[in-house]
Amino acid sequence: MANITKKVSWSSRADESGATAEGTRLLNGSEPRRLIQFSEGRSLFQIGRLSTVDLEEEMMSEEESLRGRPKEIPHNEKLLSLKYESLDYDNIENQLFLEEERRMGYMNFRCLEISRWVVCGLIGFLTGLIACVIDIVVEQLAGIKYQVVKGENHRFSAYLTVFILASLIVERNCWLIMFSSLGVCFPSPIAAGSGIPQIKCYLNGVKIPRVVRLKTLLVKVFGVICSVVGGLAVGKEGPMIHSGAVVAAGVSQGRSTSLKRDFNYIFEYFRRDTEKRDFVSAGAAAGVSAAFGAPIGGVLFSLEEGASFWNQMLTWRIFFASMISTFTLNFFLSIYHNKPGDLSNPGLINFGRFENNSQSVAYNLYEIPFFIAMGAIGGLLGALFNILNYWLTIFRIRYVHRPCLQVMEAMLVAAVTATVAFTMIYFSNDCQPLSSEHAEEYPLQLFCADGEYNSMATAFFNTPEKSVRSLFHNQPRTYNPLTLGLFTLTYFLLACWTYGLAVSAGVFIPSLLIGAAWGRLCGILLASSGSMWADPGKYALIGAAAQLGGIVRMTLSLTVIMVEATGNVTYGLPIMLVLMTAKIVGDYFVEGLYDIHIKLQSVPFLHWEAPGTSHWLTAREVMSSPVTCLNKIEKVGTIVDTLSNTSTNHNGFPVVVQVTGGDEPAKLCGLILRSQLIVLLKHKVFVELARSRLTQRKLQLKDFRDAYPRFPPIQSIHVSQDERECMMDLTEFMNPTPYTVPQETSLPRVFKLFRALGLRHLVVVDEENRDSKVVGLVTRKDLARYHLGKHGLEELQLAQT
């Protein structure tokens, strides 16, 4: 069967590559796979197998599936959304850039370096300040809510039914969640969730629309406060990473497009993707540091997502921002707690210290197999959590797509959460004596005798952070095993249902709380069997790490975060083993929660490595061709028509020059971006006008920085009919040294170039032509669509047999 050539469209539009997407052959010439499509308006999601999200193929006969060698990894049309573009992380070293760099002296470069440190310090300070505000407001509102519930319980319990008390709690929670959801659904939908998947994509090199705007930050902060106080199974730590990234993006640019304020000449040099992404890395690290009091863990979090672009000085600046964030939060919280100068509250969540002199901290060699087994349990439970949340997300995409429905769903979850919590409290008989050994911050007597408190009520009415700390450090007989078992089951289901709602909330703390509950249960069961070394608090910590690792699948950074949050390196090895085990077990079934949501959003995310068994693929199979090229001196009308063509909405164009002789193919001499061409058209940088105006101002890099990051659309540029006949010289503005590879270059090598250099476009040339004839162009989307999961590789190996 001959290979079938088929044009591939990305969400009814072309790729961002500077090339049309023709020449894409399906595996063995087979027909395109059948897709299950859920679309609403402009949003299009391709749903299929969990490992690859969008693979749902027709059954083929064995003879047909084995016929011939595949020319390309199987993929689908409309796999990626065109609303996502790549960052121009690689500097465009055109003549303007080189002239500006050469004019700058040694002192100028030193001042720029000092400015970078100042910006990182401001990022850390503001991020820590935001974290402090969130923590204080949540604590105050939680205290008010506790006092109100406690007062109403004493007031009504004598003559009203418990159902009235439950309805009052449900009503207050629903109001808070309604406010949180309204802020997300209408002003800023991008503020939903924790924001970690979006920041992971940004650090990976993908420009997510509206992800780092001031409005997003305000909605995020307000929403997470209402979500936590409203009683949802959420945490406020995850959104701090997104908040820090927004602060970094705003501070580093010296202006705000939302407020329409531009502080001219303040950090103007940093108005480009190269600098902005580095500062966003520092902001994300500062957010992690503020959330967990883990500055090193914050650095490693950013390192895991995009460190291939880093250098040593950037790493130090990010660490500096993390330390400033921790110190700022610590300092203001010490004042708030009437202990000025006491810097013992490093983050929003404080696990409490596991002191070395405590017998419960010690662990023995024979306990390591138990820890590894708990890691496997965490991987299984994490995989189950992700699978359930995956199908729930599909349901939301298909049926709960309107803002009013999203608000109603959030309120429904709030009502169900409060009802389930109150039902469990009502039927729970786990009453504990209220003494100094049980120093709970919000003890409730609900349905218990005088001098006792209901441990189930305390678990639900405490903030999740305080519940985690209680599970870590309370005395061994504080919780009944039945209470822990029921709490684990219900909170697991509630957290799974909650993640993905149209509210600002994180999944870190719910995961830790679920794991701490079943981990403490494991410790109680081991202790009841006669194992004196099985301290429940110790196993609660291991269970929390296992559950969180099984859901988010982070290893290096999460290990350091857990160690820093506990203030003791003793558990470094067990936590590392547990997280590795949870990741290995969980990855066998399904990807991590953030990776699943990234794929469901059709983001061109590049993983660390190229797909396995892909060395037989070359750049020729993955590139887009033919390529839309521009001449070195091009007609203005041709440029306008090229940019206005919505069916081929490219963002990068190879620049070629015709070799003397006429019959020879055009020679590659550079690469120019859509954003550059729009600025040139806006300023009418035409050859004829330059000749007629002797005093015409020469275009500078400042003109490009002033238009960054929201370059005007081509439709807003007016070009008269006479101007269409003019010529434009691209020599001074194009990048004369674009990265190129021969068409026989292997896919893994192409993949490494993109990940190591932060590329957006890679020109493919004919290696047999000494004049570098352009034969194709590789973009991030060309590579992202070929990344397969486990099942895809099995299909590929079957086809090669």
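Note that the structure is predicted; figures quoted are calculated from it, not measured.

Cut-offs used in this document
Residues numbered from 1 in each chain as written. Predicted model: local features only at pLDDT ≥ 70, side-chain atom pairs only at ≥ 80, totals over all residues. Heavy atoms only, no water. Helix = DSSP H or I, 4+ residues; strand = E, 2+ residues; numbered from the N terminus. Buried < 20%, exposed > 50% of the residue type's maximum accessible area, 1.4 Å probe, protein only. Contact = heavy atoms within 4.5 Å. Areas by Shrake-Rupley, 256 points an atom, 1.4 Å probe, with all protein chains shown as cover. Pairing = 2+ DSSP bridges. Axes fitted to C-alpha atoms, helices over the stretch in contact; angles between N-to-C directions. Salt bridge = Lys/Arg side-chain N within 4 Å of Asp/Glu carboxyl O. Parallel < 35°, antiparallel > 145°, perpendicular 65-115°, else oblique. Left-handed = near helix turned anticlockwise from the far one by under 90°. Phe/Tyr/Trp six-rings, centres within 6.5 Å; stacked < 30°, edge-to-face > 60°. Lys NZ or Arg CZ within 6 Å of the ring centre and 35° of its normal. Arc of directions from axis to C-beta. Patch = residues over 30% accessible without salt bridge, like charges linked within 9 Å, V, L, I, M, F, W, Y side chains within 5 Å.

(A) Highlighting the overall build of the protein chain. Scanning the protein chain for helices and strands turns up 29 helices and 18 strands. Here the protein chain, with 801 residues, has 58% of them falling under the buried criterion. At a minimum sequence separation of 6, the contacts of the protein chain that also span at least 24 residues come to 78%. Total accessible area on the protein chain is roughly 33,100 Å²; 59% of this is exposed by carbon and sulfur atoms.

(B) Geometry of the pairing of strand β13 (residues 652-657). Burial runs high along β13: five of the six residues are buried. As defined by bridge partners, strand β11 (residues 630-631) adjoins β13 across two bridges and the pair is classed as parallel. Residue pairing across strands places Asn-631 opposite Val-656, the latter belonging to β13. Pairing geometry for β13 and strand β14 (residues 667-673), over six bridges, is antiparallel. Residue pairing in the sheet places Val-655 in a bridge with Gly-670 of β14.

(C) Region of the structure containing the sheet that holds strand β18 (residues 774-779). Pairing is mixed across the open sheet formed by three strands, whose spatial order is β16-β17-β18. Edge positions in the sheet fall to β16 (740-742) and β18, since each has one partner strand and no second. Shown here is a sheet whose adjacent strand axes are inclined to one another by a mean of 30 degrees, direction ignored. As paired elements, β16 and strand β17 (residues 761-765) share three bridges and run parallel to each other. Looking across to β17, one finds that Val-741 is bridged to Val-764.

(D) The pattern of salt bridges, seen in detail. The tally for this structure, following the rule as stated, stands at 22 salt bridges. The partner of Lys-583 in a salt bridge is Asp-587, and the shortest N-O contact between them spans 3.0 Å. Taken together, the residues span about one helical turn, with Lys-583 and Asp-587 both in helix α19 (residues 572-589) at a distance of four residues. The class for Asp-587 is partly exposed, based on a relative accessible area of 34%. Between Glu-744 and Arg-620 there is a salt bridge whose closest N-O contact spans 1.9 Å. Taken together, the residues Glu-744 in the loop between β16 and α27 (747-757) and Arg-620 in helix α21 (residues 619-622) connect sequence positions 124 residues apart. One continuous salt-bridge network, built from bridges that share partners, spans Glu-113, Arg-116, Arg-272, Glu-275 and Arg-317.

(E) Local environment of the packing of helix α16 (residues 508-528) against helix α17 (residues 536-552). Taken N-terminus to C-terminus, the directions of α16 and α17 make an angle of 140 degrees; their axes are 6 Å apart at the nearest point. Between α16 and α17, the angle falls in the class oblique. The crossing of α16 and α17 is right-handed. Two secondary-structure elements touch here, α16 through Phe-508, Ser-511, Leu-512, Ile-514, Gly-515, Ala-516, Trp-518, Gly-519, Arg-520, Gly-523, Ile-524 and Leu-526 and α17 through Pro-536, Gly-537, Tyr-539, Ala-540, Gly-543, Ala-544, Ala-546, Gln-547, Leu-548 and Ile-551.

(F) The packing of aromatic side chains, seen in detail. With the rule as written, the count across this model stands at 18 aromatic pairs. Taken together, a centroid distance of 5.5 Å and an interplanar angle of 55 degrees make the contact between Phe-371 and Tyr-539 tilted. Of the two residues, Phe-371 is situated in helix α11 (residues 368-399) and Tyr-539 in helix α17; the sequence distance between them amounts to 168 residues. The class for Tyr-539 is buried, based on a relative accessible area of 0%. Judged by centre distance (5.3 Å) and plane angle (85 degrees), the rings of Tyr-588 and Phe-589 are edge-to-face. Given a relative accessible area of 43%, Phe-589 falls into the partly exposed group. Stacked on the ring of Tyr-89, the Lys or Arg Arg-277 has its end atom at 5.2 Å from the ring centre.

(G) Region of the structure containing the sheet that holds β13. Strand order in the open sheet formed by three strands is β11-β13-β14, with mixed pairing between adjacent strands. Two strands lie at the open edges of the sheet, namely β11 and β14, each paired on one side alone. In the packing of helix α23 (residues 674-682) onto the sheet, contacts are made with β11, β13 and β14, and the angle to β14 comes to roughly 75 degrees.

(H) How the structure looks around the environment of Glu-664. On the secondary structure map, Glu-664 appears in the loop between β13 and β14. When the C-alpha atoms of Glu-664 and Lys-773 are compared, they prove to be 9.5 Å apart, with 109 residues separating the residues in sequence. Setting aside its immediate chain neighbours within four residues, Glu-664 contacts Gln-658 and Val-659.

(I) Geometry of helix α2 (residues 95-103). Among the residues of α2, Leu-96, Phe-97, Glu-100 and Glu-101 are the ones counted as buried. Summarising the axial view, the buried residues of α2 lie within an arc of 130 degrees, below the 170-degree limit, and thus occupy one face. Exposed residues pointing more than 90 degrees away from the buried face of α2 are listed as Arg-102 and Arg-103.

(J) Representation of a nonpolar patch on the surface. Residues Trp-175, Phe-179, Leu-182, Phe-186 and Phe-222 make up a contiguous nonpolar surface patch of about 520 Å² in total accessible area. Topologically, Phe-186 is positioned in the loop between α4 (162-185) and α5 (196-204). Judged by relative accessible area, which is 52%, Phe-186 ranks as exposed.

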